[in-house]
Amino acid sequence: MMPIRIPRTIVNQILSHAQSSPESEVCGLIGAAEGEPRRVYPVANAARRPDALFQMDPKEQVDAMRSIREAGQSLFAIYHSHPHAPALPSPIDLEEASYPEVLYLIVSLDTKGVLEMRGFRLREGRVEDVELEVS
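Residues numbered from 1 in each chain as written. Predicted model: local features only at pLDDT ≥ 70, side-chain atom pairs only at ≥ 80, totals over all residues. Heavy atoms only, no water.

Novice: What is the right way to read the sheet that holds strand β5 (residues 103-108) from this model?
Specialist: Paired through backbone hydrogen bonds, the strands of a sheet run either parallel or antiparallel to each other. Sheet architecture is open: six strands sit in the order β3-β2-β4-β5-β6-β7, paired in mixed fashion. The open sheet has two edge strands, β3 (36-43) and β7 (126-130), and neither has a second partner. Adjacent strand axes in the sheet meet at a mean angle of 30 degrees when their direction is disregarded. Sheet analysis places strand β2 (residues 27-33) next to strand β4 (residues 74-82), joined by six bridges and oriented antiparallel. The residue bridging C27 from the neighbouring strand is H80, located in β4. The strands that helix α2 (residues 58-70) touches are β2, β3 and β4; relative to β3, the one it contacts most, it runs at about 155 degrees. (Pairing = 2+ DSSP bridges. Helix = DSSP H or I, 4+ residues; strand = E, 2+ residues; numbered from the N terminus. Axes fitted to C-alpha atoms, helices over the stretch in contact; angles between N-to-C directions. Contact = heavy atoms within 4.5 Å.)

In structure tokens form, the structure reads like this:
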């Protein structure tokens, strides 16, 4: 499979969002036009335990999806962070994955000095690693 290109500006926005809340998981959506990631749509984490889980705030998620459509974009990726775990899908991440056609990005803050971001396809209970290329 070919690497998926993500503009450095998009990556920087996601990493900045993750760093802004180092003790809680952050989450959001990425909209694309013509298959190219164009914009980050941060969504509040409404989970009861945001230090260990993410659950997008339903109203903000609907608003973000509406903004994506109104901008003529499509849903490209769903991202979230793991403050104290590796950048790998957890069993709950896998169980709750509802969009098999989109990319899932996970940022780990549980590293020594350098943030880690990895991409995955989550389909039918399986995890497929996706190579990312930052441009």
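Novice: Mind showing me how you'd approach the pairing of β2 here?
Specialist: Remember that side chains alternate between the two faces of the sheet whenever the strand is regular. Counting buried positions over the seven residues of β2 gives seven, a clear majority of the element. Along β2, one buried face is formed by C27, L29, G31 and A33 and the opposite face, lined by G28, I30 and A32, is buried too. With seven bridges connecting them, β2 and β3 associate as antiparallel partners. Following the sheet pairing, G28 is matched in β3 by P42. Here β2 folds back onto β3 in antiparallel fashion, the turn holding two residues, of which E34 has a positive phi close to 55 degrees. (Buried < 20%, exposed > 50% of the residue type's maximum accessible area, 1.4 Å probe, protein only.)

Novice: What should I look at first to understand the nonpolar core in this one?
Specialist: One broad trend across soluble globular proteins is that nonpolar side chains are buried collectively. Ranked by internal contacts, the top residues of the largest apolar core, which has 20 residues, are I14, I30, L103 and L105. Looking at this core element by element, the count peaks at five residues for helix α1 (residues 8-19). (Core = buried A, V, L, I, M, F, W, Y, C linked by side-chain atoms within 4.5 Å.)

Novice: I would appreciate a short explanation of the pattern of salt bridges in the present structure.
Specialist: Applying the stated criterion across every chain yields a total of seven salt bridges. Residue E36 pairs with R5 through a salt bridge whose shortest N-O separation is 3.1 Å. Within this pair, whereas E36 is found in strand β3, its partner R5 is found in strand β1 (residues 4-6), the two being separated by 31 residues in sequence. Between D51 and R49 there is a salt bridge whose closest N-O contact spans 3.4 Å. (Salt bridge = Lys/Arg side-chain N within 4 Å of Asp/Glu carboxyl O.)

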